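One-letter residues, chain by chain:
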Amino acid sequence: MSGLEQQFVQEAFDSNWVAPLGPNVDAFEREFGEVVGCEHVLAVSSGTAAIHLALIEAGVRAGDEVVVSTLTFAASAFPVVYLGARPVFVDSERTSWNMDPELLAELLAERASRGRLPKAVVLVHLYGQPANIDAVLELCRRYEIPLIEDAAEALGASYNGRSPGTFGRAGIFSFNGNKIITTSGGGMLVSPDRELIAHARKLATQAREPAPHYEHVEVGYNYRMSNILAGVGRGQLRVLAERVRRRRAIFERYRELLADLPGIDFMPEAPWGGHSRWLTVITVEPDEFGCDREQIRLALEAANIDARPVWKPMHLQPVFAEGEVVGGAVAEDLFARGLCLPSGTAMSEQDIQRVAEVVRAQQGAVR
Ligand SMILES: *Cc1c(COP(=O)(O)O)cnc(C)c1O
């Protein structure tokens, strides 16, 4: 927390706007829209809820296919299953670690030839790095498939000077506890389409029709953000730029401390730049470094330092065992060799040095 949050939460208490919705929610939506550069914005209870709503608005129904990046957190794909649709996973490119547009092109050409196109593409911007948005967007336009951007991890990043999440038909962000800013739990749905957000707002509010009694024509959800949590979000939003600067500085510091080690590499910043470095991620080449990623992780754990492997690709997850994947070798390799280092903005220089020392001490360690 930055210290600014309490003032907005206090306002909610002072005005007794504690129940769902209220002035903080309206202000948070407006202020968030200004930060990411999008006019139509809906605050919801989680990033996962925002993806669910985006898929509904894209017209996804039971039996449909939805293309999803395979290298991601499961919440990118779970809402596809809520709708009875089937995720088809696409591998990463090396440049950005995000969806490979060439593989997407192959998949869409093959589906088009069978006359059965996917209903949506969920493009993830992993660890704060924007994907190759232009290439993916071009394919989505050509085949007239709505693009949903999962920018849960990429708030504060930029692609050609604009926030990821604002290029597609809809974009989503997350304010879960581990994200770059948090409301303890929450999310945002954004879209250039006023109607889309208006309808999603209705669905997120139990699909209540405008009538004095409770009238329902559609099935709704309880997905709105509370006025208290929106107050936390307003305070957090004010320190976003500072948080991104700090995350990038932490990344640079790790690089200074570790870049000379053979077999240690860092998640690249794609040529389009704007990586927020939400997490600092390294890859370990065991033959060159002398031990593997897991050995480093266990050494960190023994020193009471929490580090995690890169996301396990969705096509390797038992829950998606039936899922189809295009490619997969790149994401599998990044999972096998990738390690997310502690990257919290509260870290001190000493903390960073301590992490780097443990990593360094593993060089050449025999398994
Ligand atoms: C965190 C996250 C989500 C889900 O957001 P919640 O707010 O936790 O529901 C979705 N996609 C990705 C890539 C995430 O990292």
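For every chain, the first residue of the written sequence is number 1, and numbering continues from 1 onward in sequence order. Two thresholds apply to this predicted model, a pLDDT of at least 70 for residue-level local features and 80 or more for giving and counting side-chain atom pairs, whereas whole-chain, interface and lining totals are computed over all residues. For the side-chain quantities, the full set of heavy atoms in the structure was used; hydrogens and water were omitted.

In this description, an aromatic ring pair is defined by two values, namely the gap between the centres and the angle between the planes. Stacked, tilted and edge-to-face are the three classes assigned to paired rings of Phe, Tyr and Trp, where Trp is represented by its six-membered ring and a pair needs centres within 6.5 Å; plane angles under 30 degrees give stacked, over 60 edge-to-face, the rest tilted. Taken as a whole and assessed by the stated rule, the structure comprises 13 aromatic pairs. When the centroid spacing of 6.3 Å and the interplanar angle of 10 degrees are considered together, the rings of Tyr127 and Trp311 count as stacked. Within this pair, whereas Tyr127 is found in the loop between strand E4 (120-124) and helix H6 (133-143), its partner Trp311 is found in the loop between strand E10 (308-309) and strand E11 (324-326), the two being separated by 184 residues in sequence. Categorising residues by exposure relies on relative accessible area from a 1.4 Å probe, with only protein chains included: less than 20% of the type maximum marks a residue as buried, more than 50% marks it as exposed, and the intermediate range marks it as partly exposed. The class of Trp311 is partly exposed, set by a relative accessible area of 22%. Site record: aromatic cluster; members linked through ring pairs are Phe28, Phe32, Phe173 and Phe175. Above the ring of Tyr214, the side-chain terminus of Arg208 is found at 3.9 Å from the ring centroid. Segments assigned H or I by DSSP are reported as helices when at least four residues long, segments assigned E as strands when at least two residues long, and all are numbered from the N terminus. The criterion is that NZ of a Lys, or CZ of an Arg, lies within 6 Å of the ring centre and within 35 degrees of the ring normal, and then a charge sits over that ring.

Time to look at a nonpolar patch on the surface. Put simply, a patch holds well-exposed residues, over 30% relative accessible area, that have no salt bridge, with like charges counted together within 9 Å and Val, Leu, Ile, Met, Phe, Trp or Tyr side chains within 5 Å. Each accessible area value is a Shrake-Rupley result obtained with a 1.4 Å probe; residue values ignore everything except the protein chains displayed when judging cover. Salt bridge, as used here: a side-chain nitrogen of Lys or Arg that lies within 4 Å of a carboxyl oxygen of Asp or Glu. A surface patch of nonpolar side chains, about 310 Å² in accessible area, is lined by Phe78, Tyr82 and Val319. Along the chain, Tyr82 turns up in helix H4 (residues 78-82). Look at Tyr82 and you get partly exposed, because its relative accessible area is 48%.

Once that is clear, we can look at the domain arrangement of the chain. A common way to state how big an interface is: give the accessible area lost once the parts meet. According to the domain assignment, the chain contains domain 1 (5-237) and domain 2 (240-361). Using only C-alpha atoms to locate each centre, domain 1 and domain 2 end up separated by 25 Å. Opposite the 46 residues of domain 1 that make contact, domain 2 presents 41 residues. Note: buried area is the sum, over both parts, of the accessible area (probe 1.4 Å) each one loses when the two are combined. Overall, the association of domain 1 and domain 2 removes approximately 3,700 Å² of surface from exposure, summing both partners, and the carbon and sulfur fraction of that is 65%. Broken down residue by residue, the surface that domain 1 buries against domain 2 is led by Trp97, Tyr127 and Ile180, which jointly contribute 24%. Between Asp333 and Arg94 there is a salt bridge, with the nearest N and O atoms lying 2.9 Å from each other. In protein, a polar contact requires one atom able to donate a hydrogen and another able to accept it; more generally it is a pair of N or O atoms within 3.5 Å, and residues adjacent in sequence count only if both atoms are side-chain atoms. Linking domain 1 to domain 2 there are 24 residue pairs in polar contact (both at pLDDT 80 or more). Elements that contribute at least two residues to the side of domain 1 that touches domain 2 include exactly strand E2 (65-69), H4, strand E3 (86-90), helix H5 (101-113) and helix H8 (227-237). The element best represented in the side of domain 1 that touches domain 2 is E3, accounting for 5 residues. Three categories are distinguished: nonpolar for Ala, Val, Leu, Ile, Met, Phe, Trp, Tyr, Cys and Pro, charged for Asp, Glu, Lys and Arg, and polar for the others, with Gly belonging to the last. Of the residues belonging to the side of domain 1 that touches domain 2, the class tally is 24 nonpolar, 14 polar and 8 charged. The source of the domain bounds is an automatic or database domain assignment. For this analysis, residues touch if any pair of their heavy atoms sits within 4.5 Å.

So, on to the packing of helix H2 (residues 23-36) against H8. Note on geometry: axes are lines fitted to C-alpha atoms, helical ones only across the stretch in contact, with angles between N-to-C directions running from 0 to 180 degrees. Closest axis-to-axis distance for the H2/H8 pair is 8 Å, and the angle between their directions is 30 degrees. In this structure, H2 crosses over H8, and the sense of that crossing is left-handed. On the side of H2, the interface is formed by Pro23, Asn24, Val25, Ala27, Phe28, Glu31, Phe32 and Val35, while H8 contributes Asn227, Ala230, Gly231, Gly233, Arg234 and Leu237. Residues of the contact of H2 with H8, tallied by class, amount to 8 nonpolar, 4 polar and 2 charged. Crossing handedness is defined as follows: a turn of the near helix away from the far one that is anticlockwise and smaller than a right angle gives a left-handed crossing, while the clockwise case is right-handed.

To continue, consider the nonpolar core. Ranked by internal contacts, the top residues of the largest apolar core, which has 36 residues, are Phe32, Tyr127, Leu155, Phe173, Phe175, Met188 and Val281. In terms of residue count, the dominant contributor to this core is H2 (4 residues). Both domains that furnish three or more residues to this core are identified here as domain 1 (5-237) and domain 2 (240-361). In this structure Tyr127 touches Glu153, Met267, His275, Arg277, Trp278, Leu279, Val281, Val310, Trp311 and Cys340, once residues within four positions along its chain are discounted. In plain words, nonpolar cores are sets of buried Ala, Val, Leu, Ile, Met, Phe, Trp, Tyr and Cys residues tied together by side-chain atoms within 4.5 Å. One finds Leu53, Ala200, Ala207 and Met314 within the second-largest nonpolar core, a separate group that totals 34 residues.

Here the focus is the pattern of salt bridges. Applying the stated rule across the entire model yields 28 salt bridges. The salt bridge involving Lys119 is made with Asp64; its shortest N-O contact spans 3.1 Å. Here Lys119 is found in the loop between H5 and E4, whereas its partner Asp64 is found in the loop between helix H3 (47-57) and E2, with 55 residues between them in sequence. For Lys119, a relative accessible area of 31% translates into the label partly exposed. Look at Asp64 and you get buried, because its relative accessible area is 13%. Close ionic contact of Glu294 with Arg297 constitutes a salt bridge, the shortest N to O distance being 2.7 Å. Of this pair, Glu294 and Arg297 both sit in helix H11 (residues 293-302), 3 residues apart, which is roughly one turn of that helix. Sharing partners across several salt bridges, the network here consists of Glu65, Arg86, Glu110, Arg111, Arg114 and Glu324.

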